[in-house]
Amino acid sequence: MHNLNAVTANVSYRYDGSLAGFYCCVFDSYARKEIPAAISSDEDDNGQIPLAPERWVLINPGQALRVRDGLAIKGTLRARDLLEHVFLSCMERRETALLAFARTVFAEGSRVLERLADPLVARLLKAEKGLLGEAHLLTGFVRFTQTEAGLVSIIGPKNFVLPLIAPHFADRLGGEAFLIYDKTHGAALVHEPGKPWTVARMEPPREQPTDDETRVQALWRRFYKTIGIAERENPVCRRSHMPMRYWPYMTEMKEFYPGYNGS
Amino acid sequence: MDLSDKLAILADSAKFDAACTSSGSNRPGRPDGVGSTVGAGICHSFASDGRCISLLKVLFSNACVYDCRYCANRRGADGPRAAFTPEELAELTIAFYRRNYIEGLFLSSAVARSPDYTMERMIGALAILRGKYRFNGYIHAKAIPGASPEAVRALGMLADRLSVNIELPSEASLNRLAPDKTRAGILEPMSQIMKGSEQSYLESKALALSRVQPSAAPRGFAPAGQSTQMIIGATPETDRAIMRLASGLYRKYRLRRVFYSAYIPVSDDSALPALDSPPPLLREHRLYQADFLLRFYGFDAEEILPEDSPSLNAYLDPKCSWALRNPERFPVDVNRAPLSDLLRVPGIGPKSAERVMTARRQTRLTIDDLRRIGVVLKRARFFIEAADTAQGPRVSREDAVRALLDPNAGRFGFEQLSMFDSMDRGRRLPGAGDAPTLRDAVEEAVACITSTL
Ligand code: SF4
């Protein structure tokens, strides 16, 4: 499929925001021998006037699969993982960068991954690092509240980490019904015992805490306050390991967040 | 006493133990239980002192029959006493774990009645947790010095990591400050744990080869090995003595970690630092840096602290300090040098060294390339040669030394500098008493270090 003669075209691709949809954008770019000036989706609709006339890219599962398999064959699984990770990240205009990356992989194979100093590769690796870093932090910072319906958590991450943290929580809490709601992206990870997990767009959860919940949360807050050593107080170190943007969602940290009003 | 007060007392008594890692064990969840373990460990929160909170860290009881003089729980100290019941502790752990507050439990204890009685209570709590609650998450338990081999064995079968604290860096100090403990009472369980953990490692390998699902396999004895901790600054041992001991422990008992804990005065005792002396945090930080060099950079204790410089340098991190003492090893050519030499460059860590090895397969790396792949050049640039370094401007020795000084030295507070006995080839580096301000001290240190080059 590779074609080095593609030219930048005065067109903006628009797709549904899904990974399959993005792969179809890559497919179209080859089919039409053009590189779109921009790629946008419903997800990042911010009312801005598009840079170039928009063209809708329709999902065709067969085409998406061809691109996806092609990446692993022409490149490596690692190259495809990098692309799919960056797709979940919060990198600005990631689709355009990922299209350029996919084209390089198709043209040159996996050697591109060794070019760590290449500006595009360096940018993608940085975005991936940010995503994986945030996913790792959240495996620790997620806080569940016990409700009648099960365990419920709300998070507000920069990157779309739910698909990455899902296997960890589903494995660890296999026997539990739980839900993790991502406020930034308006989606939730839902798990029921004995069933596979799902991630889907969803309204914020409204379940109420059980009666015992206040007691357990108070115990945890008391532990948290006790375990710090006063003689070694180090707010800078704490903030660098646990950035303040996570605090409003954490049982023990809420009250330290500027502007906290007791709710 | 209600559970909340108990928890506060027993967490407060446990907070000086530095170990809170949940690493070294990788076990998937199981359908009939709750929990899993993750090899690299997970931090669930960070306390006001900036330390990671991974485990529910508590003592089982803080009412001690021993009288270690450096310890707030010793028999002779005042303060509230408490003990959990096994059921209470197990229930609390599960409640915290299900809400994802913690990665598991870190359970230690004062010596309540006798070492074996204490062990029995701890074993009781862990047995409820593993049995009734089917808890499959991480447990780090401390063996009580002087406990019987049977009790150590039983505790190890329930824990992921089992360890004994070495407490003080020398036997003389231990005898002087911990009259009820003996060096043998600490080292014997340590060697028992090493052997048991090794055995269970071999067994798990054998099970893996026979294709038993990991979740169906028994946990075995302390699969995550052991760690230990020693108190720094309560006794007169030099950094050299401490690092030699640590490196011996790593080798002899295959410890996963040695923790260093800056002594915080707990009592007015003439054998110990005065009540108002601050904990030697910068020194502790330098020891951790030196420990990293042992574990991840292929250094040995003798290289980091040779006989003629028994103290770590207050102003320089140990790797910089070593590099300045060994100029003949530099510059290192980033396009040719083996991994082991890259790791010796100040500012280059294992990750950036790996990236250099990969990136240089495609191109001869320049300084800009290094920057883009994420090598921090602030210090490294004085010690490397890249494709384009020959054209760079020459810097004076003094400017180089200034750039190499660890900015953290000042951040820990001026006073901290005096807690070192820093000598640089026979010249003493300034501390708080020797210069009017931190800036003066830094300038003096620069001059002093430059003059030895
Ligand atoms: S044995 Fe010594 S160090 Fe341990 S709690 Fe008792 S007095 Fe403290």
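Keep in mind the model is a prediction, meaning the values are calculated, not measured.

### Side note on the state of the cysteines
All names here are of chain B.
- Across all of its chains, the model carries one disulfide over all chains by this definition.
- Each disulfide pairs two cysteine sulfurs, and for Cys 43 the partner residue is Cys 52, the sulfurs being separated by 2.3 Å. When the S-S torsion is -115°, as for the bridge of Cys 43 with Cys 52, the disulfide is left-handed.
- We classify Cys 43 as partly exposed; its relative accessible area is 27%.

### Considerations on the packing of helix α3 (residues 77–88) of chain A against helix α4 (residues 94–108) of chain A
All names here are of chain A.
- Between α3 and α4, whose axes approach to 10 Å, the crossing angle comes to 170°. Accordingly, the angle class assigned to the pair α3 and α4 is roughly antiparallel. Contact residues: Ala 79, Leu 82, Leu 83, Val 86 and Phe 87 in α3; Arg 94, Leu 98, Phe 101, Ala 102 and Val 105 in α4.
- Here the residues of the contact of α3 with α4 are counted per class, giving nine nonpolar, no polar and one charged.

### Some thoughts on the site of the ligand
- All residues in the neighbourhood of the ligand are listed as Cys 64, Tyr 66, Cys 68, Cys 71, Arg 74, Ala 110, Val 111 and Lys 181 of chain B.
- A class-by-class count of the residues in the shell around the ligand yields six nonpolar, no polar and two charged.

### So, the pairing of strand β4 (residues 104–108) of chain B
All names here are of chain B.
- Among the five residues in β4, five count as buried, and that is most of the element.
- Where strand β3 (residues 55–59) meets β4, five bridges bridge the pair, whose relative direction is parallel. If you follow Leu 56 over to β4, its bridge partner there is Leu 105.
- Crossover connection from β3 via helix α2 (residues 86–98) to parallel β4: handedness right-handed.
- As paired strands, β4 and strand β5 (residues 138–142) are joined by four bridges and run parallel to one another. Bridging from a neighbouring strand, Leu 105 pairs with Ile 139 of β5.

### Quick notes on the domain arrangement of chain B
Residues and elements named next belong to chain B.
- What the domain assignment reports for chain B is domain 1 (3–28 + 36–269 + 279–304) and domain 2 (318–450).
- Taking the mean C-alpha position of each, domain 1 and domain 2 sit 35 Å from one another.
- Taken together, the contact pairs 16 residues of domain 1 with 17 residues of domain 2.
- Summed over both partners, the interface of domain 1 with domain 2 comes to about 1,500 Å²; 64% of that surface belongs to carbon and sulfur atoms.
- At the boundary of domain 1 with domain 2, the tally comes to two salt bridges.
- Where Asp 406 meets Arg 286, a salt bridge forms, and the shortest distance between an N and an O atom there is 2.8 Å.
- For the pair domain 1 and domain 2, the number of links is eight residue pairs in polar contact (both at pLDDT 80 or more).
- Among the secondary structure elements, those contributing two or more residues to the side of domain 1 that touches domain 2 are α8 (281–296) and α9 (301–304).
- When grouped by side-chain class, the residues that make up the side of domain 1 that touches domain 2 number ten nonpolar, three polar and three charged.

### Some thoughts on the interface of chain A and chain B
- Taken together, the contact between chain A and chain B spans 49 residues of the former and 56 residues of the latter.
- Between chain A and chain B lies a buried interface of about 4,700 Å² when both sides are counted; carbon and sulfur atoms form 57% of it.
- If you sort the residues of chain A by the area they bury against chain B, Arg 172, Phe 223 and Arg 232 of chain A come out on top, with a joint share of 17%.
- Along the contact surface separating chain A from chain B lie six salt bridges.
- Among the ionic pairs, Arg 99 of chain B bridges to Glu 213 of chain A, the shortest N-O distance being 2.8 Å.
- In this structure, the connection of chain A to chain B is made through 25 residue pairs in polar contact (both at pLDDT 80 or more).

### As for the packing of helix α2 (residues 61–74) of chain A against α4 of chain A
All names here are of chain A.
- Viewed as axis vectors pointing N to C, α2 and α4 meet at an angle of 50°, and their least axial separation amounts to 9 Å. Relative to α4, the element α2 is oriented oblique. Considering only the axes of α2 and α4, their crossing is left-handed. For the pair formed by α2 and α4, the contact residues are Val 67, Gly 70, Leu 71 and Lys 74 on the first element and Ala 102, Val 105 and Phe 106 on the second.
- When its residues are assigned to classes, the contact of α2 with α4 shows five nonpolar, one polar and one charged.

### So, the sheet that holds strand β6 (residues 178–182) of chain A
Residues and elements named next belong to chain A.
- In space, the five strands of this open sheet follow the order β4-β5-β6-β7-β8, with mixed pairing throughout. Two strands bound the open sheet, and with one partner strand each, they are β4 (145–147) and β8 (198–201). Within the sheet, the average angular offset between the axes of one strand and its neighbour, ignoring direction, is 25°.
- As paired strands, β6 and strand β7 (residues 187–191) are joined by five bridges and run antiparallel to one another. Paired with Phe 178 across the two strands is His 191, which belongs to β7.
- Across the sheet, helix α6 (residues 162–172) is in contact with β5 (150–155), β6, β7 and β8; its angle to β6 comes to roughly 160°.

### What to know about the domain arrangement of chain A
Residue and element names in this part refer to chain A.
- You can read the domains of chain A as domain 1 (7–132) and domain 2 (142–256).
- Put simply, the middle of domain 1 and the middle of domain 2, counted by C-alpha atoms, are 32 Å apart.
- Between domain 1 and domain 2, the contact holds eight residues from the first and seven residues from the second.
- Where domain 1 abuts domain 2, roughly 600 Å² becomes buried across the two surfaces, and 60% of that area is made up of carbon and sulfur atoms.
- At the surface where domain 1 touches domain 2, the tally comes to zero salt bridges.
- The tally of links from domain 1 across to domain 2 stands at two residue pairs in polar contact (both at pLDDT 80 or more).

### Quick look at the pattern of salt bridges
Residue and element names in this part refer to chain B.
- Summed over the entire model, instances satisfying the criterion amount to 43 salt bridges over all chains.
- The shortest N-O distance in the salt bridge between Arg 240 and Glu 302 comes to 3.0 Å. Of this pair, Arg 240 sits in helix α7 (residues 239–253) while Glu 302 sits in helix α9, and the two are 62 residues apart along the sequence.
- A single network of salt bridges, built from pairs that share partners, joins Glu 398, Asp 399, Arg 402 and Glu 443.

Rules used in this analysis
Residues numbered from 1 in each chain as written. Chains lettered and ligands numbered in written order. Predicted model: local features only at pLDDT ≥ 70, side-chain atom pairs only at ≥ 80, totals over all residues. Heavy atoms only, no water. Disulfide = S-S within 2.5 Å. Buried < 20%, exposed > 50% of the residue type's maximum accessible area, 1.4 Å probe, protein only. Axes fitted to C-alpha atoms, helices over the stretch in contact; angles between N-to-C directions. Helix = DSSP H or I, 4+ residues; strand = E, 2+ residues; numbered from the N terminus. Parallel < 35°, antiparallel > 145°, perpendicular 65-115°, else oblique. Contact = heavy atoms within 4.5 Å. Nonpolar A, V, L, I, M, F, W, Y, C, P; charged D, E, K, R; others polar. Near = heavy atom within 4 Å. Pairing = 2+ DSSP bridges. Right-handed = clockwise from strand over helix to strand, strands pointing away. Domains from an automatic or database assignment. Buried area = accessible area lost by both parts, 1.4 Å probe. Salt bridge = Lys/Arg side-chain N within 4 Å of Asp/Glu carboxyl O. Polar contact = N/O pair within 3.5 Å; in protein donor to acceptor, adjacent residues only side chain to side chain. Left-handed = near helix turned anticlockwise from the far one by under 90°.

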